[in-house]
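Here is how the chains run, residue by residue.
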Amino acid sequence: MISRRTVAFIIALAMTPLPALADEHEAQKPGIVSVTGEGTAHVVPDMAVINLSVLRQDKTARAALDANNSAMAEVLAAMSSAGIEQRDLQTSNFSIDPEYFYPDRTDNKPVTPKIIGYRVSNSLTVRVRDLDKLGSILDKSVTLGVNQGGQIMFTNDDPSAAITRARTAAMQDAVSKATTLTDAAGVGLGRIANISEQHRNPSPAPLMRAEMAMKSSADASVPVATGENQYRVSVNVTFELNQ
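Residues numbered from 1 in each chain as written. Predicted model: local features only at pLDDT ≥ 70, side-chain atom pairs only at ≥ 80, totals over all residues. Heavy atoms only, no water.

Trainee: Provide a residue-level description of the overall build of the protein chain, including the pertinent values.
Mentor: A count of helical and extended segments in the protein chain gives five helices and nine strands. Sequence-ordered secondary structure for the protein chain, helices as α and strands as β, is α-α-β-β-α-β-β-α-β-α-β-β-β-β. Here the protein chain, with 243 residues, has 30% of them falling under the buried criterion. Taking contacts inside the protein chain between residues at least 6 apart in sequence as the whole, the part at least 24 apart equals 82%. Counting only carbon and sulfur atoms, one obtains 54% of the accessible surface of the protein chain, whose full area is about 15500 Å². (Helix = DSSP H or I, 4+ residues; strand = E, 2+ residues; numbered from the N terminus. Buried < 20%, exposed > 50% of the residue type's maximum accessible area, 1.4 Å probe, protein only. Contact = heavy atoms within 4.5 Å. Areas by Shrake-Rupley, 256 points an atom, 1.4 Å probe, with all protein chains shown as cover.)

Trainee: Would you mind going over the side chain of Gln-230 in detail, with residue names and values included?
Mentor: Relative to the helices and strands, Gln-230 resides in strand β9 (residues 229-242). A polar side-chain atom of Gln-230 sits 2.9 Å from a polar atom in the side chain of His-42. (Polar contact = N/O pair within 3.5 Å; in protein donor to acceptor, adjacent residues only side chain to side chain.)

Trainee: I'd like a rundown of the nonpolar core, residues and numbers included.
Mentor: In this structure, Ile-50, Val-75, Met-79, Val-126 and Leu-134 are the most contacted members of the largest nonpolar core, which totals 22 residues. Of all the elements in the fold, those that place two or more residues in this core are β2 (47-58), α3 (61-81), β4 (114-128) and α4 (134-143). With five residues, the single largest contributor to this core is α3. Residues in contact with Ile-50, not counting those within four places in the same chain, are Leu-124, Thr-125, Val-126, Val-128, Leu-134, Ile-137, Leu-138, Gln-151 and Ile-152. Counting residues in each nonpolar core, the second largest holds 15 residues, with Ala-166, Ala-170, Tyr-231 and Phe-239 among its members. (Core = buried A, V, L, I, M, F, W, Y, C linked by side-chain atoms within 4.5 Å.)

Trainee: I'd like a rundown of the sheet that holds β2, residues and numbers included.
Mentor: Overall, antiparallel pairing links the four strands, which are arranged β3-β4-β2-β5 in an open sheet. Across the chains shown, the open sheet's two edge strands, defined by having one partner strand only, are β3 (89-101) and β5 (148-155). Geometrically, the sheet is characterised by an average inter-axis angle of 15° between neighbouring strands, direction not taken into account. Across six bridges, the pairing between β2 and β5 is antiparallel. Residue pairing across strands places Met-47 opposite Thr-155, the latter belonging to β5. Helix-sheet contacts for α4 involve β2, β4 and β5, and the interaxial angle to β2 is about 5°. (Pairing = 2+ DSSP bridges. Axes fitted to C-alpha atoms, helices over the stretch in contact; angles between N-to-C directions.)

Trainee: Explain the environment of Ala-73 residue by residue, including any values.
Mentor: Summarising the element assignment, Ala-73 is placed in helix α3. Residue class for Ala-73 comes out partly exposed when judged on its relative accessible area of 43%. Separated by 71 residues in sequence, Ala-73 and Leu-144 have C-alpha atoms that sit 9.5 Å apart.

Trainee: Can you break down α4 residue by residue, with the values?
Mentor: Those residues of α4 that sit buried are Leu-134, Gly-135, Ile-137, Leu-138 and Ser-141. Looking straight down α4, one finds its buried side chains confined to an arc of 165°; they lie on one side. Looking at the residues trailing α4, positive phi occurs at Gly-145, about 125°. (Arc of directions from axis to C-beta.)

Trainee: I'd love a proper account of the pairing of β4, names of residues and values included.
Mentor: Here β2 runs beside β4; their pairing, made up of eleven bridges, is antiparallel. Among the inter-strand pairings, Arg-56 is bridged to a residue of β4, identified as Val-120. Judged from the twelve bridges that link them, β3 and β4 form a sheet pairing that is antiparallel. Within β4, the position partnered with Ser-95 by the bridge is Ser-121.

Trainee: Describe a nonpolar patch on the surface, naming the residues involved and giving the relevant values.
Mentor: Together, Tyr-100, Tyr-102 and Ile-115 give the surface a local cluster of nonpolar side chains, amounting to about 340 Å² of exposed area. If you trace the backbone, Ile-115 turns up in strand β4. Take Ile-115: its relative accessible area is 45%, and that puts it in the partly exposed class. (Patch = residues over 30% accessible without salt bridge, like charges linked within 9 Å, V, L, I, M, F, W, Y side chains within 5 Å. Salt bridge = Lys/Arg side-chain N within 4 Å of Asp/Glu carboxyl O.)

Trainee: An account of the environment of Gly-145 is requested, with residue identities and associated values reported.
Mentor: In this fold, Gly-145 is placed in the loop between α4 and β5. A residue is classified by how much of its surface remains accessible, and Gly-145, at 12% relative accessible area, is buried. Setting aside chain neighbours within four positions, we find Gly-145 in contact with Val-54 and Arg-56.

Trainee: Could you give an account of helix α5 (residues 160-185), naming the residues involved and the relevant values?
Mentor: Its 26 residues place the ends of α5 37 Å apart at the C-alpha level, agreeing with the 38 Å of an ideal helix rising 1.5 Å per residue. Taken as a whole, α5 has its buried residues at Ala-162, Ile-163, Ala-166, Ala-170, Ala-174, Ala-178 and Thr-182. (Expected span 1.5 Å × (residues − 1).)

Structure (structure tokens):
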């Protein structure tokens, strides 16, 4: 039978090397350097997304709705005539709201507002894939009764190639930064330990090239400037150090 003193000695002996092993492991763990790389890519937009709204007012909701329906039907027909496919037309908002008249208060007594009419608004989101038609589409829509909206967002149907270029540039930037830091510190750049990425939605570039300046044609009374979209990607990269 093993005595208690023997058991205690065996346990103490087994635990003795552990701190040394832990210290050795810490000594072998490489140092790291973490950098953020930025990459951008610019591309001319090939599609525009516009919002067109028809607002009509009348004494009754029925009359306001009928007037709105008539105008919007003409707008939709014009979009089809301009070559806009059904998949690129989407109703984005529809509302019916009463209009109130607030009488003057007498003797600070509360007064009840009166409904004097109704407002009906119908909004249409349109994807225009042929930018040469954009000016004429905007002009025609106003002629047919669009009296609100008009917001334009230039975008790209498939931005994957531009994002790939931005991603590559971001990674190259990260490697360049890490190399500069390690060279200055007198150590070598080791293997990559971690990579994470973020990319932002496209935004208009701060400067436009000359060939992208405002353009207009005889059949487009609304001049438009497409500019170019900028896609930005950020990567956070952690490298091990060779010391």
